[in-house]
Amino acid sequence: MDYSKLSCPICQGEFTKDGNALRCCNGHCFDIASEGYVNLLPANFKKTQLPGDNKVMVNARRDFLGKGFFAPLALSVAQRLMGASAILDAGCGTGWYGSQIKSILSNGNTSPYVCGIDISKFAVRLAAKSGVDCAAVGSVFNLPLKDCCFDAALTVFAPLCADELFRVCKKGATVVTVNPAERHLIELKQAMYGIATYENPPENAQKPLVSSNGDVLFEHTHSERLTFSGRLEGASELSALLSMTPYLYKTGEEQKSHLLSLNELSCTFDFYIDVYKKA
Ligand SMILES: C[S@@+](CC[C@H](N)C(=O)[O-])C[C@H]1O[C@@H](n2cnc3c(N)ncnc32)[C@H](O)[C@@H]1O
Ligand SMILES: [Zn+2]
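Residues numbered from 1 in each chain as written. Chains lettered and ligands numbered in written order. Predicted model: local features only at pLDDT ≥ 70, side-chain atom pairs only at ≥ 80, totals over all residues. Heavy atoms only, no water.

## Focus on the overall build of the chain
Alright, step 1. What the chain contains, in helices and strands, is nine helices and twelve strands.
Alright, step 2. Over its C-alpha trace the chain gives a radius of gyration of 19 Å, about what one expects of a compact globule, namely 19 Å for 279 residues.
Alright, step 3. Once the C-alpha set of the chain is aligned to its principal axes, its extents read approximately 60 × 45 × 40 Å.
Alright, step 4. For the chain, with 279 residues in total, the buried portion stands at 52%.
Alright, step 5. Looking at the chain alone, contacts between residues at least 24 apart form 68% of all its contacts between residues at least 6 apart.
Alright, step 6. With an accessible surface of roughly 12,800 Å², the chain has 50% of that area assigned to carbon and sulfur atoms. (Helix = DSSP H or I, 4+ residues; strand = E, 2+ residues; numbered from the N terminus. Rg over C-alpha atoms; globule rule 2.2 N^0.38 Å. Buried < 20%, exposed > 50% of the residue type's maximum accessible area, 1.4 Å probe, protein only. Contact = heavy atoms within 4.5 Å. Areas by Shrake-Rupley, 256 points an atom, 1.4 Å probe, with all protein chains shown as cover.)

## A short note on helix α6 (residues 186–193)
Alright, step 1. The element α6 is largely enclosed, with a buried count of six among its eight residues.
Alright, step 2. Buried within α6 are the following residues: Ile-186, Glu-187, Leu-188, Lys-189, Ala-191 and Met-192.
Alright, step 3. In the stretch just after α6, Gly-194 is the one whose phi turns positive, near 100°.

## Concerning the pairing of strand β9 (residues 169–180)
Alright, step 1. Here strand β8 (residues 150–156) pairs with β9 via six bridges, running parallel. For Leu-154, the partnering residue across the bridge sits in β9 and is Val-176.
Alright, step 2. Chirality of the crossover, the property in question, places the unit of β8, helix α5 (residues 162–168) and β9 among those that are right-handed. (Pairing = 2+ DSSP bridges. Right-handed = clockwise from strand over helix to strand, strands pointing away.)

## Details of the site of ligand 1
Alright, step 1. Near ligand 1 lie 19 residues; those nearest to it are Asp-53, Gly-91, Asp-118, Val-140 and Val-156.
Alright, step 2. In this structure, Gly-91 approaches ligand 1 through a main-chain N or O atom, which is 2.8 Å from a nitrogen atom.
Alright, step 3. Ile-119 places a polar main-chain atom, nitrogen or oxygen, 3.2 Å from a nitrogen atom of ligand 1.
Alright, step 4. Surface burial for ligand 1 is 89%, taken as the share of its 590 Å² of free accessible area covered by protein chains.
Alright, step 5. When each cavity is represented as a set of grid points, ligand 1 is found to reside in the largest pocket.
Alright, step 6. Its residues assigned to classes, the shell around ligand 1 comprises ten nonpolar, six polar and three charged. (Near = heavy atom within 4 Å. Polar contact = N/O pair within 3.5 Å; in protein donor to acceptor, adjacent residues only side chain to side chain. 1 Å grid on protein atoms, 1.4 Å probe; cavity = no way out; pocket = protein on both sides within 12 Å on 5 of 7 lines; lining within 4 Å. Sits in = over half its atoms within 2 Å of the grid points. Nonpolar A, V, L, I, M, F, W, Y, C, P; charged D, E, K, R; others polar.)

## Here's the deal with the packing of helix α2 (residues 71–80) against helix α3 (residues 96–105)
Alright, step 1. It is at 9 Å that the axes of α2 and α3 come closest, and there the two elements cross at 60°. The angle between the axes of α2 and α3 places the two elements in the oblique class. With respect to the hand of their crossing, α2 and α3 are arranged in right-handed fashion. Together, Ala-71, Leu-73, Ala-74, Leu-75, Val-77 and Ala-78 of α2 and Trp-96, Tyr-97, Gln-100, Ile-101, Ile-104 and Leu-105 of α3 make up the contact between the two elements.
Alright, step 2. Looking at the contact of α2 with α3 residue by residue, the class counts come to eleven nonpolar, one polar and no charged. (Axes fitted to C-alpha atoms, helices over the stretch in contact; angles between N-to-C directions. Parallel < 35°, antiparallel > 145°, perpendicular 65-115°, else oblique. Left-handed = near helix turned anticlockwise from the far one by under 90°.)

## Quick look at unusual backbone geometry
Alright, step 1. Even without being glycine, Gln-12 reaches a positive phi, approximately 65°.
Alright, step 2. Structurally, Gln-12 is set in the segment before β1 (15–18).
Alright, step 3. Backbone geometry at Cys-148 places phi at a positive 50°, although glycine is not the residue there.
Alright, step 4. Its location among the elements puts Cys-148 in the loop between β7 (134–137) and β8.
Alright, step 5. For Cys-148, a relative accessible area of 45% gives the class partly exposed.

In short, geometric facts, not functional conclusions.
In structure tokens:
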């Protein structure tokens, strides 16, 4: 792992490696886990004991993404990040997008440096083994990263803090966000809630990313909608998809059982990809 872009979440001091730990210039010390990731979310920064996605959701995401259903999305995002040499995956989950994008953008002996940050330690444990260069537990609202060291960032279905992205990105950096579009997973919802299921609200993103004071931090430069479909077969694929969504906890047992009893489901995947530039 390459920890060179990490910084202390308590004092922003620079780290040096000290055996199996990272120690900052002010003596704050964080162990490196056997998988190679570092937990940079101090206990007093947490609102709950185990913040972020839980183990069930994270394992479901690993199983679903591992089947390649979202490969066209990873490819589209990678195309927007071409030429970047240091990429932050903010809210990286299992590290699937970061590692896919790293391999898509690899060229001969060169590949971009990719760092994944997520608040869920279950997710980061998997991200550390996904092929990214660095993975750390931390919050997107207090990124444990040095200033101005990334020329690109992505945030896929994750919370976004424009102020922090601005701080860690270089001038001219590209930020790509992915959010669900209206028909995302519509058949999954119909299978559980009936044919009159609502669509997701339309996107409201084609405007700059602004600071908490309303200052423009990133100009919006491009928006596209990417829609494709996949055929899920059997209870294990359906259960993996259901379990990585918030519907897992919003749906009654009877509705979930109905979904899982289907032999197959053709499902729409519908995304908005938005691109921003740091001025
Ligand atoms: C829907 S998942 C998406 C994960 C990944 N980007 C993907 O698409 O596979 C949202 C992720 O955001 C993480 N998350 C939630 N709040 C966060 C925060 N404040 N800082 C960092 N990550 C956070 C969750 O733990 C979860 O892994
Ligand atoms: Zn420190």
